[in-house]
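Residues per chain, in single letters:
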Amino acid sequence: MMKELTRRNFIYGMAASAVMVGFPNLGQAFSNDDKFDLVIRGGEVLDPSQNLRARRDVGIRNAVVAALEPEIPASMGKQVIDAGGRLVLPGLIDYHAHVCPELSAIGIPADELVPYSGATTYVDTGDTGGNNFSAFKHYIIPKCRSRIYAYVHISCIGLAGFPVTECLNINYVNVDLAAKTLAENPDVLLGVKVRMEKSIVGENGLEPLKRAIKAAELSGVKGARVMCHIGLGPGEMSDLLELLRPGDVLTHCFTGNGTGIMKDGKVLPAARAAKERGVIFDVAHGAGSFDFAIAEPAMAQGILPDTLSSDVHVYSANSPGRVQLPWVMSKFLHMGLSLEQVVAMTTQIPAKLIGKVDKLGTLQVGAPGDVSILELVEEDVKFMDAGGGGKKLNTRQGKRYLKPFKTVRAGRAFGQPYPAPFVF
Ligand SMILES: [Zn+2]
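Chemist: Just checking my understanding: could you explain the overall build of the protein for this structure?
Modeler: The helix and strand inventory of the protein stands at 12 helices and 19 strands. The globule rule puts the C-alpha radius of gyration for 424 residues at 22 Å, and the 22 Å found for the protein is close to it. Taken along the three principal axes of its C-alpha coordinates, the protein extends 70 × 50 × 35 Å. Across the 424 residues in the protein, those meeting the buried criterion constitute 58%. Long-range contacts, defined as pairs at least 24 residues apart, comprise 75% of the intrachain contacts of the protein with a sequence gap of at least 6. Here the protein contributes 45 positively and 43 negatively charged side chains, and the mean placements of these two sets differ by 2 Å.

Chemist: Can you help me understand the coordination of the zinc ion in this one?
Modeler: The reference angle at a metal is 109.5 degrees if four donors form a tetrahedron and 90 or 180 degrees if six donors form an octahedron. Coordination of the zinc ion by the protein comes from H96 (NE2), H98 (NE2) and D311 (OD), over a distance range of 2.1 to 2.2 Å. For the zinc ion, all donor residues lie on one chain, and their spacing in sequence is H-x1-H-x212-D. Exposure remark for H96: the relative accessible area of 0% places this residue in the buried category. Owing to a relative accessible area of 3%, H98 belongs among the buried residues under this scheme.

Chemist: Would you mind going over the layout of surface pockets with me for this structure?
Modeler: Once rolled over the atoms, a probe with the size of a water molecule shows which space is left empty. Size it by volume and the largest pocket reaches roughly 520 Å³. In terms of lining residues, the largest pocket is bounded by 23 residues, among which A63, R409, A410, V423 and F424 are the most central. Put simply, the parts of the chain that give the lining of the largest pocket at least two residues each are β4 (57-61), β6 (77-82) and β10 (147-153). Along the lines of polarity and charge, the residues of the lining of the largest pocket split into 12 nonpolar, 4 polar and 7 charged. Considered as a void within the structure, the second largest pocket measures approximately 370 Å³ in volume.

Chemist: What is the right way to look at the side chain of D291 in this model?
Modeler: Along the polypeptide, D291 turns up in the loop between β16 (280-282) and α9 (292-300). Ignoring any residue separated from it by four or fewer positions in sequence, one finds D291 in contact with F254, T255, G256, D385, G387, K391 and N394.

Chemist: For this particular structure, what's the right way to read the nonpolar core?
Modeler: Among soluble globular proteins, nonpolar side chains are generally buried collectively. F254, I261 and F332 are the most contacted members of the largest nonpolar core, which totals 92 residues. Looking at which element gives the most residues to this core, the answer is helix α10 (residues 325-334), with 6 residues. For this core, the two domains that each supply at least three residues are domain 1 (2-89 + 407-413) and domain 2 (92-354). Counting residues in each nonpolar core, the second largest holds 17 residues, with L68, A83, V88 and A367 among its members.

Chemist: How should the sheet that holds β6 be read in this particular structure?
Modeler: What links the strands of a sheet is backbone hydrogen bonding, and the strands pair in either a parallel or an antiparallel sense. With mixed pairing, the 4 strands of this open sheet are ordered in space as β5-β4-β1-β6. Edge positions in the sheet fall to β5 (64-69) and β6, since each has one partner strand and no second. On average, adjacent strands in this sheet sit at an angle of 20° to one another, irrespective of strand direction. Across 5 bridges, strand β1 (residues 36-41) lies against β6 in parallel orientation. In the sheet register, R41 faces β6, and the bridge partner there is D82.

Chemist: Got a minute to help me understand the pattern of salt bridges in this structure?
Modeler: All told, the structure shown has 19 salt bridges when counted by the stated rule. Measuring nitrogen to oxygen at the nearest pair gives 2.7 Å for the salt bridge that ties E166 to R195. Of the two residues, E166 sits in the loop between β10 and α4 (175-184) while R195 sits in strand β11 (residues 189-196), which places them 29 residues apart along the sequence. Take E166 and R195: they sit in the same class, and that class is buried. One salt bridge in this structure joins E217 and R245, with 3.7 Å as the shortest N-O distance. Here R245 lies in the loop between α7 (237-243) and β13 (249-251) and E217 lies in helix α6 (residues 207-218), a separation of 28 residues in the sequence. Through salt bridges with shared partners, a single ionic network connects R41, R55, D57 and E71.

Chemist: Sorry if this is basic, but what is going on with helix α3 (residues 133-140) here?
Modeler: Spacing of three or four residues puts side chains on the same side of an α-helix, whose turn is 3.6 residues. Those residues of α3 lying buried are F133, F136, K137 and I140. Take α3 and look down its axis: the buried residues cluster within an arc of 120°, on one side only. The inward-facing, buried residues of α3 contact β9 (119-129), β10, α4 and β11.

Chemist: I keep staring at a nonpolar patch on the surface and nothing clicks. Help me out?
Modeler: A contiguous nonpolar patch, built from Y418, F422 and F424 and spanning about 380 Å² of accessible area, is present on the exposed surface. Within the fold, Y418 resides in the segment after β19 (412-413).

Cut-off values and rules
Residues numbered from 1 in each chain as written. Predicted model: local features only at pLDDT ≥ 70, side-chain atom pairs only at ≥ 80, totals over all residues. Heavy atoms only, no water. Helix = DSSP H or I, 4+ residues; strand = E, 2+ residues; numbered from the N terminus. Rg over C-alpha atoms; globule rule 2.2 N^0.38 Å. Buried < 20%, exposed > 50% of the residue type's maximum accessible area, 1.4 Å probe, protein only. Contact = heavy atoms within 4.5 Å. Lys, Arg positive; Asp, Glu negative; His and termini not counted. Charge placed at Lys NZ, Arg CZ, Asp CG, Glu CD. Donors = N, O, S within 2.8 Å, 3.2 Å for Na, K, Ca; no water. 1 Å grid on protein atoms, 1.4 Å probe; cavity = no way out; pocket = protein on both sides within 12 Å on 5 of 7 lines; lining within 4 Å. Points joined across faces, edges and corners; volume = space filled by probe spheres on them. Nonpolar A, V, L, I, M, F, W, Y, C, P; charged D, E, K, R; others polar. Core = buried A, V, L, I, M, F, W, Y, C linked by side-chain atoms within 4.5 Å. Domains from an automatic or database assignment. Pairing = 2+ DSSP bridges. Axes fitted to C-alpha atoms, helices over the stretch in contact; angles between N-to-C directions. Salt bridge = Lys/Arg side-chain N within 4 Å of Asp/Glu carboxyl O. Arc of directions from axis to C-beta. Patch = residues over 30% accessible without salt bridge, like charges linked within 9 Å, V, L, I, M, F, W, Y side chains within 5 Å. Areas by Shrake-Rupley, 256 points an atom, 1.4 Å probe, with all protein chains shown as cover.

In short, the description is geometric, and any link to function would need to be established separately.
Below, the structure written as structure tokens:
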């Protein structure tokens, strides 16, 4: 029975691989050995895309999920990971990260983050602008095992000048350049990033955001988004929120820097209206952009985030709030979201927003072989937020947290077991 089952899955796996690389007759290139490259055994699979939470084994062959079954014998795997007692999730997606150290002043190499993030996909949010994006795409991304997408910064220098901010000089804020970069790189780019705070834009007010929106529209790329960072100013938050279009991303949605999306304990009507018209609310915890005192009342008033993300970079990664994705997920679990919700917000939902790879963010047969194995540790834990604007950090006493165990990208685990030969 098992033989028959795996044979069918083998054929399916080959078909999926053949489609992915565009060769019709790849079958001959493979031996009759129907073992999986990797079997992840004994874990509790949680895949919101299939409403699935149950003990399942995952078989990966040729970089795609080839089988998801109640039991796959260890003998069927060239490599085996014992996930007993752990959660087996679709590869986590960090929708707000900074993973281009070579060209921005704040990035961290994506693969370096894996032991802490448990993520297989990162969205780089504006490390590069139109003047240096090409180097990111051609020299950095191809060398990463992690899957990387990006927003191009509306400022042509991206975050290369940090801590000197990128939109103080409005001449850097070049609409045509950002639009052209976006139009020419639909394989990697999701949209245009802009950071909107008084300290970043100086006297330029809402102009950088207006230019980012214009660049997204001018690019002609269907569904091109603007990701807008919020914080303290410029001007009234409501004026900024009213500019965002359906599908644009409000990042740092629960920032405590300034009043955020709250006023006098209530969600701003403009924030609620933005949510209702389809603006995406992204957490992007960061070193100063997540405040329990904003998130808790906002969620109690019905404003849930769409995506959980870290805003990990060289400063935030060392901050006391612990920004890595599993910690952000753990904080939202503590605030009352279900495990299914926090997993959907880091897999299925961001994968849909990326919208470039079939079945990304799922463990369905035929999905990319990207898997995050985490442990839900049941013990007392102190959570800390990121305050904002020099505020004292808030703490919350929790009882459980998520901890990365193993991360698998395209069927290859980071760390052991090492494949031989090591190809990816
Ligand atoms: Zn950021």
